[in-house]
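Structural features, examined
Now for the letters of each chain:
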Amino acid sequence: MATRYAQIIVDVPTMQTNRPYTYALPADLQGQVQPGMRVIVPFGHRQVMGFVVALTDKSDVAAEELKEVTTSLDLEPVLSPELVQLSAELAEDIFAFRITILQSMLPNSLKADYQQRLKLEKADLSDDIRVEYLEGQQERDVKLSKFTPKQWRQLKQLAAEGWLSIEPIIANRGRIKKQRAYQLSADSEFLEEAAGQLRANAKQQKHLLDFILENQGQTFTKKELQEMADFSTATLQAGVKKGWLQATDVELLRRPAGTAIESGQQWHQLNPEQEAAYEAVIGAAHAQTYQPFLLEGITGSGKTEVYLQAAAEVLKSGKTVLFLVPEIALTPQMLERVRARFGNKTAVLHSGLSEGERYDEWRRTERGDVQVVVGARSAVFAPLTNLGLIIVDEEHETSYQQADNPRYNARDVALWRAAYHDIPVILGSATPSLESRSRAQKGVYQHLMLTKRAGGAELPKVEIVDMKESMADQPDTNFSTSLRNKIQARLDRKEQMVLLLNRRGYSSFVMCRDCGFVPRDPNCNLAMTLHMDTHTLKCHYCGYQEPIPQICPACGSKRIRYYGTGTQKAEAELMDLFPSARVIRIDQDTTRKKGSLAKALQRFGQGEADILLGTQMVAKGLDFPDVTLVGVLNADTSLGLPDFHAAERTFQLLTQVAGRAGRHEAKGEVVIQTFNPEHYAITYAQKHDYEGFYRQEMAIRHAGQYPPYFYTVQIQMSAPEENQVALQAAQVGRWLKKRIPNNVIQLGPSPQPIAKLKNRYYFQILLKLKDDHEMDGFLHELADRAQKAKNGLQLNVIRNPLSFM
DNA sequence: AGCACGCCGACT
DNA sequence: GTCGGCGTGCTC
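Residues numbered from 1 in each chain as written. Chains lettered and ligands numbered in written order. Predicted model: local features only at pLDDT ≥ 70, side-chain atom pairs only at ≥ 80, totals over all residues. Heavy atoms only, no water.

1. Quick notes on the overall build of chain A
Within chain A one finds 23 helices and 34 strands. Against the compact-globule benchmark of 28 Å for 805 residues, chain A has a radius of gyration of 31 Å, which places it among compact chains. For the C-alpha atoms alone, the extent of chain A along its principal axes is close to 95 × 70 × 60 Å. Classification of the 805 residues of chain A by burial places 52% in the buried group. Partitioning the contacts of chain A with sequence separation of at least 6, the portion at a separation of at least 24 is 74%. Surface summary for chain A: the accessible area is close to 37000 Å², and the carbon and sulfur share equals 49%. (Helix = DSSP H or I, 4+ residues; strand = E, 2+ residues; numbered from the N terminus. Rg over C-alpha atoms; globule rule 2.2 N^0.38 Å. Buried < 20%, exposed > 50% of the residue type's maximum accessible area, 1.4 Å probe, protein only. Contact = heavy atoms within 4.5 Å. Areas by Shrake-Rupley, 256 points an atom, 1.4 Å probe, with all protein chains shown as cover.)

Dropping the structure here:
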């Protein structure tokens, strides 16, 4: 088939260019360029990178208007036909630019790096210009942002006059790490002959020849050769000269640290419930049918064992497995468990990797060296072909939806990919999202239940402490009498504890007792959080910080007090109450450094501390056998958020953290401190009753016309000027109102709960729809029009947002 | 995103 | 008269 034209998505993320452009393929690229490859094309007045998304043999653009593809960046496609197709549908679905999706499917190392190569052409160019632009060199590569437009104008002028040349350079950002290697000759005759001719005292060379004869035809890196036989560089070079071996470069794959690569660890016997779940999944896998399963299993019921055994079975048939976990649960413990089963066949893709490591893991996957990919959100685009099973652990986690553009939800992408490959997908959770649970109810997903804890361990007893009473008795402490006693008992028995406080920092805000002044940050207008270690007030949204005021800036009073409690303050109080206790604190502030979280958890796991105190991080995916007490210092933080998800999030968090206690022989106990002891999210968590919570919350969602009874679309608008957004949001609101059918509910425009962020003001309109896509046409039109809006207005359309902050 | 085209103010 | 300010529109 003649493939003279290529449809190309260019690397220009704007509304107007969000479609394929047709290019002619020069003769030498025909048959070479394939869909899924990156190419360089002339676009407007410059060269840009683009993705080939299709090849055609005729064009609907007049031939004289067509330009030719300049060159190809790849010899093999970097994206499979599956991912190319996915990019189109996903872009449409989440109102994102297709180029942005295509880029996020690849590791950063494969992103185009645009540079300009400046080259001196006439030696007598004036010195100050040479210093300014070339740093005195003959040739220099610089990014466009290196100089101002005015400087570029001058450079172009100089180029036009022939002083220097400017040539665009587009390259991959990442470099493949190469290492010197040697391929040994396989010509026995030639080698024997060479051996015969050696001088008697050429010991080293004799040694080398013997080695080559033993390992004919194989390739070793230089490092390997030197480790095995201690050949000197000179000896090897002599060998190369004589043709005994050949020097080449091999790709060096950087392996992330922490690899116990011993596959085939002992498998656990499945209990009847696990067995049933396993069989259902395997049945669908063998039948090669698309089937989503909701695996609802209480904490400690052995969901992971079901995942791993189903995965193993699928691997046996030669297919591959994609295993998604929330970033926060991607702990060394978890990876260890997977690697122990699948060893070298595993690739890990997560944000803790360096760019190079990430690229290498991606390439191992792409080349077919691995059969299992474990990773967080972005791993859903792993270049696995021949998929046999997809697993989404903790499917309710909101971190599966990316917080900024493109706002894809990895769980939904996983479902898409499973449908594409006609394979099963397991959505697992102890506390499924209402959306998934209700789909299971309707039979869209097959519902699988695990109701028993592995090894017969019991669910921990949960005590609720009313903090209104505790505070009345002893207003100065965050630790109720009950919790204090239980902590002391654990310390006496040398058992471990986990304490959850869902707020980092020292206290939540600072207020003047006399005039009520609360310091707010100038960018977001939010109350700032106190950080005692650095003696600053910080905004947790934009990172702004300033020193703690000694006197009130508003009234001059010295009576400035701290309200609310963060992890820092709780830690201080803990040390005060239990001076002998060894405490490890984990939150964003203590674990910012790569690997520090892993280290902290490892220390706790080895019993180097009694108490693990932290934010949400302590609730997810950790499994420490010796933890017999879990304390939630304040269960209300997430309950009070202005978001209809608040109860769901609170219930999920409490259930999860409660599950950390008594996972093994030791019996566990949980204490939940709260100002809302009667709230159903808390009482159902106390009873470990997901189904009860589900029924009640569904009734509330039904009454309020919220998901999962309705789909939602959030139209988010922002601008640097408050009255500008307000004005334009009102305009958008009127525009929509005229167009929505009467079964669609429109709320707003209204200021967002966090109305100012990073010097921009936010407004939103919320649409509630029965049919997810019925407004798509208007919404695309709206996004298109907004692009042309003035006064710095930005408009985002967010389908089914998981948070309204 | 760039860059040209095009229409109004302060300068050799 | 012209240089250059940045609003508008297009890129196969």
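Here the narrative resumes, following the displayed structure.
2. Structural notes on the domain arrangement of chain A
Taken domain by domain, chain A holds domain 1 (5–110), domain 2 (115–169), domain 3 (178–251), domain 4 (272–455), domain 5 (461–506 + 565–701) and domain 6 (711–799). Of note, the centres of domain 4 and domain 5, computed from C-alpha atoms alone, are 28 Å apart. Residue-level contacts link 26 residues of domain 4 with 26 residues of domain 5. In this assembly, domain 4 packs against domain 5 so that about 2100 Å² is buried in total across both faces, 55% of it on carbon and sulfur atoms. Put simply, Arg437 and Glu691 hold a salt bridge, and the shortest N to O gap is 2.8 Å. (Domains from an automatic or database assignment. Buried area = accessible area lost by both parts, 1.4 Å probe. Salt bridge = Lys/Arg side-chain N within 4 Å of Asp/Glu carboxyl O.)

3. Comments concerning unusual backbone geometry
Each neighbour pair has its own omega, and for Asn405 with Pro406 the value is -5 degrees, a cis peptide bond. Relative to the helices and strands, Pro406 resides in the loop between strand 17 (387–393) and helix 13 (410–421). A cis amide bond links Pro707 to the next residue, Pro708, at an omega of 5 degrees. With respect to the helices, strands and loops of the structure, Pro708 is situated in the loop between helix 21 (690–704) and strand 31 (711–719). The phi dihedral of Gln288 is positive, around 50 degrees, even though this residue is not glycine. A positive phi angle, close to 45 degrees, is found at Asn800, a residue other than glycine. Here Asn800 is to be found in the segment after strand 34 (794–799). Under the relative-accessibility criterion, Asn800 is labelled partly exposed at 24%.

4. Some remarks on the protein's contact with DNA strand C
With respect to spatial proximity, 13 residues lie near DNA strand C, and among them Arg19, Thr22, Gly44, Glu65 and Lys67 are the closest. Within 4 Å of the protein, the contacting atoms of DNA strand C are 46% sugar and phosphate, with bases supplying the remainder. Arg19 is positioned such that a nitrogen or oxygen atom in its side chain is 3.0 Å from a base nitrogen of DNA strand C. Taking Gly44, its main chain carries an N or O atom lying 3.1 Å from a sugar or linking oxygen of DNA strand C. Among the elements that make up the surface near DNA strand C, the one with the highest residue count is strand 2 (residues 21–24) (three residues). (Near = heavy atom within 4 Å. Polar contact = N/O pair within 3.5 Å; in protein donor to acceptor, adjacent residues only side chain to side chain.)

5. Remarks on the nonpolar core
Within soluble globular proteins, side chains that are nonpolar tend to cluster in buried spots. Ranked by size, the top nonpolar core spans 52 residues in total, and within it Leu79, Leu322, Leu324, Val373, Val380 and Ile390 carry the most contacts. When residues of this core are assigned to domains, at least three map to each of domain 1 (5–110) and domain 4 (272–455). For Val373, the contacting residues outside a window of four places in its chain are Val321, Leu322, Phe323, Ala347, Leu349, Thr365, Ala379, Ala382 and Leu384. Counting 39 residues, the second-largest nonpolar core is a separate cluster that includes Leu500, Ile584, Phe651 and Phe693. (Core = buried A, V, L, I, M, F, W, Y, C linked by side-chain atoms within 4.5 Å.)

6. Regarding the sheet that holds strand 28 (residues 611–614)
Ordered by their spatial adjacency, six strands build an open sheet running 20-30-29-21-28-27, and the pairing between neighbours is parallel. Two strands bound the open sheet, and with one partner strand each, they are strand 20 (461–466) and strand 27 (583–586). Each strand of the sheet is rotated relative to its neighbour by a mean of 15 degrees, with strand direction disregarded. Sheet strands in contact with helix 18 (residues 596–605) are strand 21 (496–500), strand 27, strand 28 and strand 29 (627–632), and its direction is about 150 degrees off that of strand 27. Together, strand 21, strand 29 and strand 30 (669–674) form the strand contacts of helix 19 (residues 646–658), whose direction differs from that of strand 29 by roughly 155 degrees. (Pairing = 2+ DSSP bridges. Axes fitted to C-alpha atoms, helices over the stretch in contact; angles between N-to-C directions.)

7. Focus on the environment of Tyr761
Take Tyr761: it is sitting in strand 33 (residues 760–769). For the pair Tyr761 and Asn523, spaced 238 residues apart in sequence, the C-alpha to C-alpha distance is 9.7 Å.

8. Some thoughts on the sheet that holds strand 31
Taking strand neighbours across the sheet as the criterion, the four strands line up as 32-33-31-34 in an open arrangement whose pairing is antiparallel. With partners counted over all chains shown, the strands left at the sheet margins are strand 32 (745–757) and strand 34, one partner each. Along the sheet, successive strands turn relative to each other by an average axial angle of 20 degrees, direction set aside. Relative to strand 33, strand 31 runs antiparallel, the two being bridged by nine bridges. Bridged to Ala719 within strand 33 is Tyr761. On the sheet, helix 22 (residues 722–737) packs against strand 31, strand 32, strand 33 and strand 34 and is oriented at approximately 15 degrees with respect to strand 33.

9. Examining the UniProt feature "domain: Helicase ATP-binding" (unreviewed entry) in chain A
Summarizing the sequence annotation, UniProt attributes the feature "domain: Helicase ATP-binding" (unreviewed entry) to residues 284–450 in the numbering used throughout. The distance separating the terminal C-alpha atoms of residues 284–450 is 19 Å; by composition the span is 37% helix and 23% strand. (UniProt positions renumbered as here; feature names shortened; annotations may be inferred.)

10. Considering the packing of helix 19 against helix 21
When two helices pack together, their arrangement is captured by the angle between the axes and the distance separating the axes. At their nearest, the axes of helix 19 and helix 21 sit 11 Å apart, and the two run at 170 degrees to each other. As summarised for this structure, helix 19 and helix 21 are arranged roughly antiparallel, according to the angle between their axes. Seen from helix 19, the contacting residues are Ala647, Glu648 and Phe651; seen from helix 21, they are Tyr690, Phe693, Glu697 and Arg701. When grouped by side-chain class, the residues that make up the contact of helix 19 with helix 21 number four nonpolar, no polar and three charged. (Parallel < 35°, antiparallel > 145°, perpendicular 65-115°, else oblique. Nonpolar A, V, L, I, M, F, W, Y, C, P; charged D, E, K, R; others polar.)

11. Focus on the packing of aromatic side chains
Enumeration according to the criterion identifies 10 aromatic pairs in this entry. One aromatic cluster in this structure is built from Phe651, Tyr680, Tyr690, Phe693 and Tyr694. Here the guanidinium or amino end of Arg437 rests over the ring plane of Tyr694, the centre of that ring lying 4.5 Å away. Above the plane of the ring of Tyr706 lies Lys768, whose end atom (NZ or CZ) is 4.0 Å from the centre. (Phe/Tyr/Trp six-rings, centres within 6.5 Å; stacked < 30°, edge-to-face > 60°. Lys NZ or Arg CZ within 6 Å of the ring centre and 35° of its normal.)

12. Remarks on a negative patch on the surface
There is a patch of like negative charges on the surface, built from Asp187, Glu189, Glu192 and Glu193. Relative to the assigned elements, Asp187 resides in the loop between strand 10 (178–184) and helix 5 (188–197). (Patch = residues over 30% accessible without salt bridge, like charges linked within 9 Å, V, L, I, M, F, W, Y side chains within 5 Å. Lys, Arg positive; Asp, Glu negative; His and termini not counted. Charge placed at Lys NZ, Arg CZ, Asp CG, Glu CD.)

13. Remarks on the side chain of Ser436
Among the structural elements, Ser436 can be located in helix 14 (residues 434–442). Side chain to side chain, Ser436 and Ser433 meet in a polar contact 3.1 Å long. Ser436 has contacts with Leu294, Glu395, Arg411, Leu427 and Tyr445, leaving out every residue within four places of it along the chain.

14. Here's the deal with the pairing of strand 30
Most of strand 30 sits out of view: five of its six residues are buried. Taken together, the six bridges between strand 20 and strand 30 define a ladder with parallel strand orientation. When the sheet's bridge partners are listed, Val465 is paired in strand 30 with Gln673.

15. A closer look at helix 18
Buried residues of helix 18: Ser596, Ala600, Leu601 and Phe604, and no others. Angular distribution of buried residues about the axis of helix 18 spans 135 degrees; they occupy a single face of the element. Phi for Gly607, located one or two positions after helix 18, is positive at around 80 degrees. (Arc of directions from axis to C-beta.)

16. So, helix 23 (residues 776–787)
For helix 23, with 12 residues, the first-to-last C-alpha span of 17 Å sits near the 16 Å given by 1.5 Å per residue. All of the buried residues along helix 23 are Asp776, Leu779, Leu782, Ala783 and Ala786. End-on view of helix 23: buried residues confined to an arc of 120 degrees, all on one side of the axis. Next to the buried residues of helix 23 lie strand 31, helix 22, strand 33 and strand 34. (Expected span 1.5 Å × (residues − 1).)

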